[in-house]
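Residue strings, one per chain:
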Protein chains: 2
Amino acid sequence: MSQPQYKTIVDHIKNQIDVGTLTVQDKLPSERQLSDQFDASRITAREALLQLEKEGIIYRLNRRGWFVSPTRLTYDPTSPATFNEIIKQQQRTGTTTPLSTELSEAPSEVAQVMGLSEGSPVYLIRRLRCVDERPILLEHIYVDANLCPGLLKHDFSQSLTGIFKEHYQKGVTRTDVTMYPTSLDAEDASSLHVSPGSPCLEIRRCRFTEENQVLEYDLEFWRHDAVELKLSFEHQ
Amino acid sequence: MSQPQYKTIVDHIKNQIDVGTLTVQDKLPSERQLSDQFDASRITAREALLQLEKEGIIYRLNRRGWFVSPTRLTYDPTSPATFNEIIKQQQRTGTTTPLSTELSEAPSEVAQVMGLSEGSPVYLIRRLRCVDERPILLEHIYVDANLCPGLLKHDFSQSLTGIFKEHYQKGVTRTDVTMYPTSLDAEDASSLHVSPGSPCLEIRRCRFTEENQVLEYDLEFWRHDAVELKLSFEHQ
DNA sequence: TCTTTAATCTGGTTTATACCAGATTAACAA
DNA sequence: TTGTTAATCTGGTATAAACCAGATTAAAGA
């Protein structure tokens, strides 16, 4: 019935969170402090922390320490509500930071999904979205350049949907979504201020106009511990 | 520009999979063999393997070794298609194994979701679902005992929806779904034949009848690397 | 007071070693 | 041939010790 030593540390920290000794955004003791406290090696303490991270209970900031995760943002991928609306509903504060915008050529994979030929001109917009100061979502947005000429002159800290509607009279009538858990490569991890290889939820979203053209193709990388997807649907 | 050593091993294995030297279900060299091959410590080799596991590219069988992950099963949570239908569509083979069935009392959390009072009689069915011999989904299904008397005498290797329809004339008109990435506790991990703490995708599904009663409440634990969710919807 | 600098703290990565327990396999006995 | 047993292989867990590179903080200088 004996359990591994790292499990003891895991349970101890979980308990501290349950009883409120540790609360949201609190900094945990450092790996070295924990290993002293439990008379274990640093690797064992780290093992426990990595376990809690996998469960989404704690997270780390690069070389700054380990912290208790905030509650997950509840998000309905089928809802037309914008990111900012969702955040306000849940009494959070949100910010959107454009990281880069460029006119480039569609990579083969992207071209295929968008129904374009490889190398077609596409705008690529990279944005970082934060909730309560914490980066939780990285977006790579591809837009057919022929569909929205001059797109890059707009302000991308706002809703893209709004820009499409207002300046190009284009709305979305259908969306295809694919999602799966994976992990972040070095560059994306760096953008989200997490360690390379951190787990994430990848969501690919393809939005179509009434004319069945692909208006945008989004690659979204969510912190795995920051979001909970919730949807409801009727059957016939 | 130098990268950590474990990254070199990660890249090497990824490349082997790309070029086909390693293919689906193949066994990888053991941790000790890899550490010899790359002149690294076993911990470094293991670090690389854990990284690949997080990405969903490889998986491990307890004390048996590391293997290349099969392609993900594509699954539409809004589709009325049964598990077996989905699997057949994708040219896979599936099996369903009931692990346990019992009549018990609703835990407070479950009772709340199902709109029952705590301790109400509920059936709890635990099933394991495999694709191509590999366990990928563990289900905990709660059913209001008053709604489906005598439920446990049926065969749960079949579709539950079918049982509800055939024997109780009950159909589902609405489903609420919640999903988020987390990790498995020791017991659930053991059922799925994976190591405790392995990452997973947890899906909670609540199905309602026309009378707005909760017919069943499912807790699903998917191997994080075994599934890809795909859905499509129209906007008005 | 403000800024620069140096010391210190934290996680990130790595080596070498060890022992355990389950899984597999080879050897052996019936 | 079959069943049992023992050796071996594999991952699972753990210790001790290092060094590195950002992040933070305290100290020193302007």
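A quick note: this is a predicted structure, and the numbers were derived from the prediction, not measured.

## Brief notes about the sheet that holds strand β8 (residues 199-208) of chain A
Taken in spatial order, the eight strands of this open sheet run β4(A)-β5(A)-β6(A)-β9(A)-β8(A)-β7(A)-β10(B)-β3(B), and their pairing is mixed. Both edges of this open sheet fall to β4 (94-105) of chain A together with β3 (73-75) of chain B, since each of them pairs with a single strand only. Strand-to-strand twist in this sheet, taken as the mean axis angle between neighbours without regard to direction, amounts to 20°. When β3 of chain B meets strand β10 (residues 227-234) of chain B, the two strands line up parallel, connected through three bridges. The partner of Leu73 of chain B across the bridge, within β10 of chain B, is Val227 of chain B.

## Points about the pairing of strand β9 (residues 214-223) of chain A
Residue and element names in this part refer to chain A. Extensive coverage of β9 is indicated by the burial of seven of its 10 residues. In this sheet, β9 lies alongside strand β6 (residues 134-144) in antiparallel orientation, the contact comprising seven bridges. Within β9, the position partnered with Ile141 by the bridge is Asp218. Here nine bridges tie β8 to β9, and the two strands are oriented antiparallel to one another. Across the sheet, Arg207 pairs through a bridge with Glu216, a residue of β9. Between the antiparallel neighbours β8 and β9 lie five residues, among them Asn212 with a positive phi of about 65°.

## Considering the protein's contact with DNA strand D
In the vicinity of DNA strand D lie 24 residues, with Pro4, Gln5, Ser41 and Thr44 of chain A together with Ser30 of chain B positioned nearest. For the surface near DNA strand D, the secondary structure elements donating two or more residues are α1 (5-19) and α3 (42-55) of chain A together with α2 (31-37) and β2 (65-68) of chain B. Among the elements that line the surface near DNA strand D, the one with the most residues is α3 of chain A, at four residues. Taken together, the residues of the surface near DNA strand D sort by class into seven nonpolar, nine polar and eight charged.

## A few points about the domain arrangement of chain A
All names here are of chain A. Domain boundaries in chain A define domain 1 (5-68) and domain 2 (73-229). Each of domain 1 and domain 2 has a C-alpha centre, and these two points are 33 Å apart. Classifying every residue of the side of domain 1 that touches domain 2 by side-chain character gives two nonpolar, two polar and two charged.

## Description of unusual backbone geometry
All names here are of chain B. If you check the backbone angles, Arg63 has positive phi at about 60° while not being a glycine. Structurally, Arg63 is set in the loop between β1 (58-61) and β2. With 6 C-beta atoms packed within 10 Å, Arg63 lands in the exposed category. For His193, which is not a glycine, the phi torsion comes out positive at approximately 60°. Take His193: it is sitting in the loop between α7 (186-191) and β8 (199-208). His193 gets classed as partly exposed once you count the C-beta atoms within 10 Å, which come to 17.

## Observations concerning the protein's contact with DNA strand C
By nearness alone, 24 residues border DNA strand C, and Ser30 of chain A together with Pro4, Gln5, Ser41 and Thr44 of chain B come closest of all. Counting only elements with at least two residues in the surface near DNA strand C, the list comes to α2 (31-37) and β2 (65-68) of chain A together with α1 (5-19) and α3 (42-55) of chain B. Taken together, the residues that form the surface near DNA strand C break down as seven nonpolar, nine polar and eight charged.

## A few points about the sheet that holds strand β4 (residues 94-105) of chain B
Taking strand neighbours across the sheet as the criterion, the eight strands line up as β3(A)-β10(A)-β7(B)-β8(B)-β9(B)-β6(B)-β5(B)-β4(B) in an open arrangement whose pairing is mixed. Edge positions in the open sheet fall to β3 (73-75) of chain A together with β4 of chain B, since each of these has one partner strand only. Neighbour-to-neighbour, the strand axes of this sheet turn through a mean angle of 20°, independent of strand direction. Direction of pairing for strand β5 (residues 121-131) of chain B relative to strand β6 (residues 134-144) of chain B: antiparallel, over a ladder of 10 bridges. If you follow Arg129 of chain B over to β6 of chain B, its bridge partner there is Leu137 of chain B.

Parameters and conventions
- Residues numbered from 1 in each chain as written.
- Chains lettered and ligands numbered in written order.
- Predicted model: local features only at pLDDT ≥ 70, side-chain atom pairs only at ≥ 80, totals over all residues.
- Pairing = 2+ DSSP bridges.
- Helix = DSSP H or I, 4+ residues; strand = E, 2+ residues; numbered from the N terminus.
- Axes fitted to C-alpha atoms, helices over the stretch in contact; angles between N-to-C directions.
- Buried ≥ 20, exposed ≤ 12 C-beta atoms within 10 Å, placed from the backbone.
- Near = placed C-beta within 6 Å.
- Nonpolar A, V, L, I, M, F, W, Y, C, P; charged D, E, K, R; others polar.
- Domains from an automatic or database assignment.

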